[in-house]
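Geometric and topological summary
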Amino acid sequence: MRCMSDLTPPRKTWSACIAVALLVTLPLVAVPHVARAADLGDEPSGGAKTGGDSVSQSDDADKPKDPSLLDKNAADAAVAQKKQADLGPPFYEKWQFWAIAGAVVVGAVVAIWAAGEISHQVGGGDVRPCNTSFTACFGDGH
Amino acid sequence: MRAKACLLALLLATAASAGCAEYHYYDISVLFNTMPPMNFAGSSDVSLVQTCTVEVSGADSAEFTFSDGQNCPPVSAGGSPLTDMGTFEYSSTADSGQLTFTFRAYVGPALQECLVGQGVTSVPVGPTTATGMLKVDRINAITSCQ
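All of the points below concern the structure found in this document. Each chain has its residues counted from 1, following the order in which its sequence is written. All chains are assigned letters beginning at A, and all ligands numbers beginning at 1, according to the order in which they are written. The predicted origin of the model limits local features to residues at a pLDDT of at least 70 and limits the giving and counting of side-chain atom pairs to 80 or more, whereas totals for whole chains, interfaces and linings rest on all residues. As a convention, hydrogens and water are excluded, and side-chain values are obtained from all of the structure's heavy atoms.

Looking at the overall build of chain B
- Strands here mean DSSP runs of E at least two residues long; helices mean DSSP runs of H or I at least four residues long; both are numbered from the N terminus. Of the regular secondary structure elements, chain B holds two helices and seven strands.
- Listing every helix and strand of chain B by position from the N terminus yields α-β-α-β-β-β-β-β-β.
- Of the contacts formed within chain B by residues at least 6 apart in sequence, a portion of 65% connects residues at least 24 apart.
- Only the protein chains shown count as cover for residues, with accessible areas throughout obtained via the Shrake-Rupley method and a probe of 1.4 Å. Total accessible area on chain B is roughly 7,700 Å²; 55% of this is exposed by carbon and sulfur atoms. Between two residues, a contact is recorded if the distance between any of their heavy atoms is within 4.5 Å.

Quick word on helix H4 (residues 95–122) of chain A
- Counted at 1.5 Å a residue, the expected span for H4 of chain A with its 28 residues is 40 Å, and the 40 Å between its end C-alpha atoms agrees.
- The first or second residue beyond H4 of chain A is Gly124 of chain A, which carries a positive phi of 120°. Residue count minus one, scaled by 1.5 Å, sets the expected span of a helix.

A closer look at the sheet that holds strand E1 (residues 136–139) of chain A
- Only strands joined by at least two bridges in the DSSP assignment are considered to pair. Strand order in the open sheet formed by eight strands is E1(A)-E4(B)-E1(B)-E7(B)-E6(B)-E5(B)-E2(B)-E3(B), and the pairing between neighbours is mixed. Strands with a single pairing partner mark the edges of an open sheet, and in this sheet they are E1 of chain A together with strand E3 (62–65) of chain B. When the angles between neighbouring strand axes are averaged without regard to direction, this sheet yields 20°.
- The pairing of strand E1 (residues 24–32) of chain B with strand E7 (residues 129–138) of chain B spans eight bridges and is classified as parallel. Within the sheet, the bridge partner assigned to Phe32 of chain B lies in E7 of chain B and is Val136 of chain B. Axes, fitted as lines to C-alpha atoms, cover a helix only where it is in contact. Angles between the N-to-C directions of the axes lie from 0 to 180 degrees.

Overview of the state of the cysteines
- Here, two cysteine sulfur atoms that lie within 2.5 Å of each other are counted as a disulfide. Applying the stated criterion across every chain yields a total of two disulfides over all chains.
- What pairs with Cys130 of chain A in a disulfide is Cys137 of chain A, and their sulfur atoms sit 1.9 Å apart. Between Cys130 of chain A and Cys137 of chain A, the S-S dihedral sits near 80°, and the bridge is therefore right-handed.
- Judged by relative accessible area, which is 14%, Cys137 of chain A ranks as buried.
- Paired by a disulfide, Cys52 of chain B and Cys72 of chain B hold their sulfur atoms 1.9 Å apart. Of note, the bridge from Cys52 of chain B to Cys72 of chain B carries an S-S torsion of about 80° and is right-handed in sense. Here the residue Cys52 of chain B occupies a position in strand E2 (residues 51–58), and Cys72 of chain B occupies one in the loop between E3 and strand E4 (84–92), the gap between them amounting to 20 residues.
- Here Cys52 of chain B falls in the buried class, since its relative accessible area comes to 0%. Between buried and exposed lies partly exposed: a residue is buried under 20% and exposed over 50% of the maximum accessible area for its type, with that area taken using a 1.4 Å probe on protein chains only.

Focus: the nonpolar core
- Among the nonpolar cores identified, the biggest contains 33 residues, and Tyr26, Phe32, Phe66, Phe88, Tyr90, Phe101 and Phe103 of chain B are the most heavily contacted of them.
- Residue assignment for this core shows that the elements contributing at least two residues are E1 of chain A together with E1, E2, E4, strand E5 (98–106), strand E6 (115–124) and E7 of chain B.
- Not counting the four nearest positions on each side in its chain, Phe66 of chain B is found in contact with Thr135, Ala136 and Phe138 of chain A together with Cys52, Val54, Cys72, Met85, Phe88 and Phe103 of chain B. As used in this record, nonpolar core signifies buried Ala, Val, Leu, Ile, Met, Phe, Trp, Tyr and Cys residues forming a set joined through side-chain atoms within 4.5 Å.

Following this line, the structure appears as C-alpha cells:
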C-alpha cells in the first residue's frame, strides 16, 4: 500500500488516508439513510423545513376530479386503441396482402405448369400419332 | 456469393449440354419369308403363328409383343391369311448408333420351344423417319409346343 510507503513521513500519510477514507465513506453512509427517510415520508433531518405552506394530497387542486381520468384500465385501453389506430387495419384486411398472395399462388401454378411443359419438351415433346395404316406403334411416347 | 454464381453457371452449362431430345421414328415392314430354303409354306403355314414379339437392341432397348388385333398372324380384312404382316412403327429418342430389331414368331406362347420364325434388321439412327424391312425366316419346324 502507498499509505505504508517508507518515502513519506508516517504521520502525514496516516492523516491523508483517514481524510480520504472519510470522504469516501460519508456519502455511502449518508445517502441511503436520506433516501430511506424520503421513502417513508420523512424529511431529512438536515433538510430545510418550508413551514406552513405545504399542501396535503387530498387538497391538491391539480388532481383531476373525473374518475374516468383516474381509471387506469380505461387509460390503458385508450392507449392501446390509439396504438391500433396508428397501426391501421390487420394485414389480412389490406388489399395489398391479397394481391401479393394471389400473385404468389398464380406464379407458383404457372411455374409448375411451365416446369412440366419444359420437361416434356426436353424429353422430346409429343410423339406423333400412330398412322392408321400401321399394324402397331411402339416405343418412347407410346 | 461466388459459390452460388458458380453453381448457377454449372446448372446452365449442364442444361445447355443436355439439349432437347428428339423423336426418331422407325417404320419396319414385316414379311414372312415364303422363299426357300428357310421359308414358311405359304400363308396357311404363317396362320399357325400365335405370338409375335420384337426385341429392340443397340442404341435403344425395348421388347414388346403384338397383341390381339395387331395382325399377328397376318390376315386380310376379309380374314384370309397373309404373309405380309404390314408395318409397325417404333419411336425412340436415341440420337446416334443403330437400332437392331429382332422379330420372333411363336406357334404358342413366347417360349423357346414354340419359336418357329425369326427375322433381324438393323437401322442406323439418322433422319426423323427411317424405314426397314424385316424378313421372317422359319428357323424351326412347325410342331405343337407346350
